[in-house]
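Fold and geometry: a report
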Amino acid sequence: MTCNTLRGVRRHLPISEGDRAAATRVTTTGDGHQFEIQLGHLCNNRCVFCISGRLTEMKLARAVALDPILAAIEEARARGARKLTFLGGEPTLHKSFLPALERAVALGFEEVVIFTNGVLFPHPGFLDKVVALGRFEWRVSIQGGNESAHVAVTGRDDSFRRIVHGLAALRARGQDV
């Protein structure tokens, strides 16, 4: 498929009322010791298969306020969750991300996973601020076996290079990837 064909696929993704609602609020899933928190659908990429990029492109995705995020994290910990995964869209884009991560660390989650497309990896100081809070597991969205395939899916020319840069930076900082 060509890049234009892939972008055409995204335009035809159906958007449900549930998708529209989740675009502006925190959503959670989890039971037992695992808990996932989705910080809305805001995303910088426009992946052809993903509703988050479409919701952002349509200006339906919004940043989620910090208070409901903190409340969800605190409730999960109080119910015994030991593992917390941050999801998005792209969770690191939210101004609430670092304070939420800091709160998760303070509450004593044994494992914190950050699922990211790496958009902020090259931004000065971003990784240093995160790593100062602790050691995390990073799950990085790679959408193709090489740069051209990845870029065709994400719709962002620099998306693959950001990830390559970020993986090296994470490894140099002793983070789990």
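Look a little higher up for the structure.
Note that the structure is predicted; figures quoted are calculated from it, not measured.

**Here's the deal with the side chain of Thr-56**
- Examined against the element boundaries, Thr-56 turns out to sit in helix H3 (residues 51-57).
- The contacts of Thr-56, once residues within four sequence positions are left out, are His-41, Leu-42, Cys-43, Arg-46 and Ala-61.

**Quick word on the nonpolar core**
- In terms of nonpolar packing, the biggest core is built from 30 residues, with Ile-37, Ile-73, Phe-86 and Trp-138 touching the most fellow members.
- Only strand E2 (34-38), helix H4 (66-78), strand E3 (83-87), helix H5 (97-106), strand E4 (111-116), helix H6 (126-131), strand E5 (137-140) and helix H8 (159-172) provide two or more residues apiece to this core.
- If sequence neighbours within four positions are ignored, Trp-138 has contacts with Ile-114, Thr-116, Phe-121, Phe-126, Leu-127, Val-130, Leu-170, Gln-175, Asp-176 and Val-177.

**Comments concerning the packing of helix H7 (residues 147-154) against H8**
- Contact pair H7 / H8: the axes reach a minimum separation of 8 Å and the direction vectors enclose 120°. As the angle between them shows, H7 and H8 are arranged oblique. Residue-level inspection shows Glu-147, His-150, Val-151 and Thr-154 of H7 in contact with H8, the latter providing Ser-159, Phe-160, Arg-161 and Ile-163.
- For the contact of H7 with H8, the per-class residue count stands at three nonpolar, three polar and two charged.

**Concerning the packing of aromatic side chains**
- Applying the stated criterion across every chain, the model contains three aromatic pairs.
- One cation-aromatic arrangement involves Arg-77 over Phe-109; the distance from NZ or CZ to the ring centre is 5.5 Å.

**With respect to the pattern of salt bridges**
- Scanning the model with the defined rule gives nine salt bridges in all.
- Arg-82 is paired through a salt bridge with Glu-110; the nearest N and O atoms lie 3.6 Å apart. On the criterion of sequence distance, the pair formed by Arg-82 in the loop between H4 and E3 and Glu-110 in the loop between H5 and E4 is long-range, its members being 28 residues apart.
- Assessed through its relative accessible area of 37%, Arg-82 is described here as partly exposed.
- When its relative accessible area of 60% is taken as the criterion, Glu-110 is described as exposed.
- Where Glu-111 meets Lys-83, a salt bridge forms, and the shortest distance between an N and an O atom there is 4.0 Å. Of the two residues, Glu-111 is situated in strand E4 and Lys-83 in strand E3; the sequence distance between them amounts to 28 residues.
- Since its relative accessible area comes to 13%, Lys-83 is described here as buried.

**Points about the pairing of E4**
- Across four bridges, the pairing between E3 and E4 is parallel. From the neighbouring strand, Thr-85 faces E4, where its bridge partner is Val-113.
- Chirality of the crossover, the property in question, places the unit of E3, H5 and E4 among those that are right-handed.
- Inspection of the sheet shows E4 paired to E5 by four bridges, in the parallel sense. Bridged to Thr-116 within E5 is Val-140.
- Of the crossover connections in this fold, the one passing from E4 over H6 to the parallel E5 is right-handed.

So, how was this worked out
Residues numbered from 1 in each chain as written. Predicted model: local features only at pLDDT ≥ 70, side-chain atom pairs only at ≥ 80, totals over all residues. Heavy atoms only, no water. Helix = DSSP H or I, 4+ residues; strand = E, 2+ residues; numbered from the N terminus. Contact = heavy atoms within 4.5 Å. Core = buried A, V, L, I, M, F, W, Y, C linked by side-chain atoms within 4.5 Å. Buried < 20%, exposed > 50% of the residue type's maximum accessible area, 1.4 Å probe, protein only. Axes fitted to C-alpha atoms, helices over the stretch in contact; angles between N-to-C directions. Parallel < 35°, antiparallel > 145°, perpendicular 65-115°, else oblique. Nonpolar A, V, L, I, M, F, W, Y, C, P; charged D, E, K, R; others polar. Phe/Tyr/Trp six-rings, centres within 6.5 Å; stacked < 30°, edge-to-face > 60°. Lys NZ or Arg CZ within 6 Å of the ring centre and 35° of its normal. Salt bridge = Lys/Arg side-chain N within 4 Å of Asp/Glu carboxyl O. Pairing = 2+ DSSP bridges. Right-handed = clockwise from strand over helix to strand, strands pointing away.

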